[in-house]
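# Architecture and fold: a report
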Amino acid sequence: MNTQTLIISVSPQARTSYLALASIGRRSLSTTASQQSSGQYHRSDFMGQGFTGIYEPGQPTKGPLGGASIVGAPRVTPKALKHHLDQFVVGQERAKKVLSVAVYNHYQRIQELQRQEDEQLELEAQEQRREMSHRHPVEDEFPGQQPALKVNPPQSPSQTPPVSNSSLETPPILDCTPLQIEKSNVLLLGPSGVGKTLMAKTLARVLDVPFSMSDCTPFTQAGYIGEDAEMCVQRLLAAANYDVTAAEQGIICLDEIDKIATAKVAHGKDVSGEGVQQALLKIIEGTTLQIQAKPERGGSGRSPGSVPGNTGGFPSSNPLDGPRGPGSGAGPPNLPGSKGEVFNVRTDNILFICTGAFVGLHRMILDRISKGSIGFGAPVRASNPESGAHETMLKGEDALFKKHLPFFVFPEQPAPSNPFAPQQSKSQQQTYNTLDLVEPSDLQRYGMIPELVGRIPISCALSALDEEALVRVLTEPRNSLLRQYEQLFQLSGIELRFTSGALREVAKSAGGMGTGARGLRTVLERLLGESMFETPGSHIKHILITQDVATLKSAPLYFHRGQSHNFHATIAQEEEKWEVELTTKETPSGANSFEEYRRKGLVAGAGGFM
């Protein structure tokens, strides 16, 4: 029996390929077995696979960033705004917090509205692309071409045959509009000169939205002499350079809003009180106004932001600069903001910050909480107190204020005890601001109509400035009055210095004027008026204001060139004198002489009978 053997010759290249395929097969089998056994994956397991992830911009984010903010990290926070206000405004902690939160929420509302608008535009673009997908290209390439007929046209939801409903129930109404965040307007009330207007102006310098301030005093009802209430929106539109979209997201500050309170008129209409409040209702709540661009009064034909001296034939970028005359060639007559052009501005998203002194409102609050002079043991409240601006502050009424205070106050953390510090009196009473207890009913009694009060849900009171706060106003803010006058004298090469006792006397004098921080400038002008006249251009290089100078007991101390040593020595002497005076005030009353010390010792040894 013959056995035949089949011999197959394999080339070296094919042998190498077969070995490689066999090794890959064994590797895949071992990898699968290891995955099934251990349950872990390695990076090398996915080397031969393509990317299968899908990202759709319109869908919610998944994964670790699923709970992140939709609009990203905020560029400004309430704490950042308050920190900026701390550099310019002294005290008023709660007012700064309330205003910072209101401005921050306004930012958030604007960003959310912008996101919803972008999302709506994206949905409309998707719907348009979906409709264009069924069009034949020949319809767009050749104008007038008949639309192509489709064999199986897509059936729209409207063409779907209605399902028979035996019960004949009315289908529910579906409202797919997104959630709308309403605005919260703010009311700041407090005495004159405590920082209401300053806080609004300080925030205006750092905001990325248009900001305008309007005084309510000249406002009158439409049709009468004065300014219409719509003027506040016109100023905001001018501040936005007549950009309607930017103006509709701005902030308006209505200053002196208490001046439009309802007044009892013997005859006729109250055109500057209740009439103005009625006009402000729709503006504050939200409406569409037709604003006509008008040049500033005075015949200049340009707005406050235009460049003066631009009298050439070149076109101006100012929206209020129209053509300068027939044939002047200054530009087209349809320039944005020119006379006669009308802008439609919506006030739904404009934030309103109202400020006012509301003189006499604290008496109405005290009457409401039964804080009058009725009953035995009740403190008698004078009808015309002599405390000036401090009449809104009360002391020693802890239980009464805690009962009626409309917000929670965090307890103060006790400061660490210092055994070397002077002992303070334990009977020191805490000071409270009466305006913190304000309610909408109090504002209605003052003269504000209920409709307007209801459209301003947030109210915050500012406290009157005492002597210690006025000293801080003089020295701490970045643009304090003391630094302003020092810089003013420095421009003439003169150094101006105030001693600690002089600053205290200046604050004491300003506190008695009843005008708040504005009284500080009045006192400083009286003290430095003669020096500002005599010293510029003279040989005087140093001016020192001491405590005696501040109390008008002596003239300011002048030091010429070369007397710098005497100048600094006098300052050190005055400061040492002030420290001694403070120590005397803080130290409890003791024996001032040996005889008095002996007498008090005998009294103590005799048990107090002597």
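Going by the structure above, here's the rest.
Residues numbered from 1 in each chain as written. Predicted model: local features only at pLDDT ≥ 70, side-chain atom pairs only at ≥ 80, totals over all residues. Heavy atoms only, no water.

### Remarks on the sheet that holds strand 6 (residues 351-356)
Inclusion rule: Whether two strands pair depends on DSSP finding at least two bridges between them. In this description a helix means any DSSP run of H or I spanning at least four residues, a strand means any run of E spanning at least two, and both kinds are numbered starting from the N terminus. Helix axes are fitted only over the stretch in contact, all axes being lines through C-alpha atoms; the angle between N-to-C directions runs from 0 to 180 degrees. Any two residues whose heavy atoms approach within 4.5 Å are treated as being in contact.
Strand order in this open sheet of five strands is 2-3-6-1-9, and the pairing throughout is parallel. Either end of the sheet is taken by a strand with one partner, and the two such strands are strand 2 (211-215) and strand 9 (458-461). Each adjacent strand pair in this sheet contributes to an overall mean axis angle of 20°, direction not counted. By the bridge criterion, four bridges tie strand 3 (residues 251-255) to strand 6 in an arrangement that is parallel. When the sheet's bridge partners are listed, L254 is paired in strand 6 with C354. Of the strands in this sheet, strand 1 (186-189), strand 3, strand 6 and strand 9 touch helix 3 (residues 93-132), which is tilted by about 150° from strand 9.

### So, the sheet that holds strand 10 (residues 495-498)
The three strands lie next to each other as 10-11-12, forming an open sheet whose pairing is mixed. The open sheet terminates on both sides in strands that have one partner only, identified here as strand 10 and strand 12 (557-560). Between one strand and the next, the sheet's axes are offset by a mean angle of 20°, whatever the strand orientation. In terms of strand pairing, strand 10 meets strand 11 (residues 540-545) through four bridges, oriented parallel. Residue L496 lies in a different strand from strand 11, and its bridge partner there is I543.

### Quick notes on the side chain of K183
The test is simple: Whether a residue is buried, partly exposed or exposed follows from its accessible area with a 1.4 Å probe, protein chains only, as a fraction of its type maximum: under 20%, in between, or over 50%, in that order. The charge count treats Lys and Arg as positive and Asp and Glu as negative. His and the chain ends do not count. Here, a salt bridge means any side-chain nitrogen of Lys or Arg that lies within 4 Å of a carboxyl oxygen of Asp or Glu. In the analysis that follows, any N or O atom pair within 3.5 Å is treated as a polar contact, provided that within protein one partner can donate a hydrogen and the other can accept it, and provided that, for residues neighboring in sequence, both atoms belong to side chains.
Tracing the backbone through its elements, the reader meets K183 in the loop between helix 4 (137-141) and strand 1. Although K183 lies buried, it forms no salt bridge, and the closest oppositely charged side chain, D348, sits 7.2 Å away as judged by the N-O distance. A distance of 2.8 Å separates a polar side-chain atom of K183 from the backbone oxygen of I284. From its side chain, K183 meets the backbone oxygen of T347 in a polar contact 3.0 Å long.

Note that all results are geometric; they support no functional claim without further evidence.
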